[in-house]
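In case you want the letters, here they are:
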Amino acid sequence: MTTRVQARHRAAVRSLTSLTDLSNSVTRCAGGAARTGAVVAAAGGLLVSIALPAGAATAAAPAAVSSTVSSAVAAVPAAFGTTAVGVVSAPATATTLATTSTFAAAPAPAPVVVAPVVTRVARTADANAVVAASVAENAAAVPAPVAVQVAAEAPAPAPAPAPVASLGSQILAVADDYAGVPYVYGGTTPSGFDCSGYTSYVYRQVGVEIPRTSNAQLQSSARISRGEAVPGDLVFFTNSGGRAYHVGIYAGDNMMWDAPRAGKPVQLRAIWSDAVTFGRLAPTV
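*Asks:* Teacher, can you tell me more about helix α6 (residues 195-205) here?
*Replies:* Given 3.6 residues to a turn, an α-helix orients residues that are three or four positions apart in the same direction. Among the 11 residues of α6, nine are classified as buried, and the element is accordingly described as predominantly covered. Buried residues of α6: Cys 195, Ser 196, Gly 197, Tyr 198, Thr 199, Ser 200, Tyr 201, Val 202 and Tyr 203, and no others. Taken from the residues just after α6, Gly 207 is the one with a positive phi, measuring 90°.

Printed below as a string of structure tokens:
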């Protein structure tokens, strides 16, 4: 069998503060005196108000309260300061005023906006020079389309002169002009040529004077090999003694221009013999 023990509740206890003992002492000493308020001024401006029970006040009550309060206040710890004590008594008809102090946080100060200070500087001669230099620099940077337009308006440069044909090419061009002219022994004009009359006439047309006969032309020329010969040089046919008996104008690739013999006009034909000598009478290269 279980025995249940009935729990006992502790009675409500009044909360105690540092002023509880002081309040109780004053209440006991005052007895049935009239309701009186004792105000104690503590250090730092702290006012301690002690409320006494209401009752009818006798003539001697204020003095008794004053001495009792003075004794009680003297027992207040030094932490409350040493400010002089003042005692205030209230008449029986006085009513108790409850004053409620309300504290509110002070509003934050409005932000101070500092307006920017604009300083205007008068343009000096140096500033004008800087501006002029900047304008000149910008003007120098001409956009690409404008530059192209200016170039298009400029006069076109003169065409480069055509390259001058070599003397050998000029000699071949003149030699070709007289193709078909008949062979004439001793002839030196377009009416009829023999072999040396033809070569001397063609050279004369390009400003080069050479001897009249084949052997004289051979003797006056600089001898060159077949590999060194270029168009415009001369080809000499020689006999066993080394004397030239025929001459023609070398055209390259083993070809030559000449006046062959009677019945054969001026023509371009192959070099038909290996017994030949090449000579140069003018700077054909």
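*Asks:* Looking at this model, I keep getting lost on the pairing of strand β7 (residues 244-252). Mind explaining?
*Replies:* Looking along a regular strand, one sees side chains alternate from face to face of the sheet. Across the nine residues that make up β7, a large majority, seven, are buried. The pairing of strand β6 (residues 234-238) with β7 spans five bridges and is classified as antiparallel. Bridge pairing links Phe 237 to His 246 in β7. Adjacent in sequence and paired antiparallel, β6 and β7 are bridged by five residues, among which Gly 242 carries a positive phi angle near 85°. Examined bridge by bridge, β7 and strand β8 (residues 255-258) share three bridges and lie antiparallel to one another. Looking across to β8, one finds that Tyr 250 is bridged to Met 256.

Rules used in this analysis
- Residues numbered from 1 in each chain as written.
- Predicted model: local features only at pLDDT ≥ 70, side-chain atom pairs only at ≥ 80, totals over all residues.
- Heavy atoms only, no water.
- Buried < 20%, exposed > 50% of the residue type's maximum accessible area, 1.4 Å probe, protein only.
- Helix = DSSP H or I, 4+ residues; strand = E, 2+ residues; numbered from the N terminus.
- Pairing = 2+ DSSP bridges.

Structural measurements only, silent on function.
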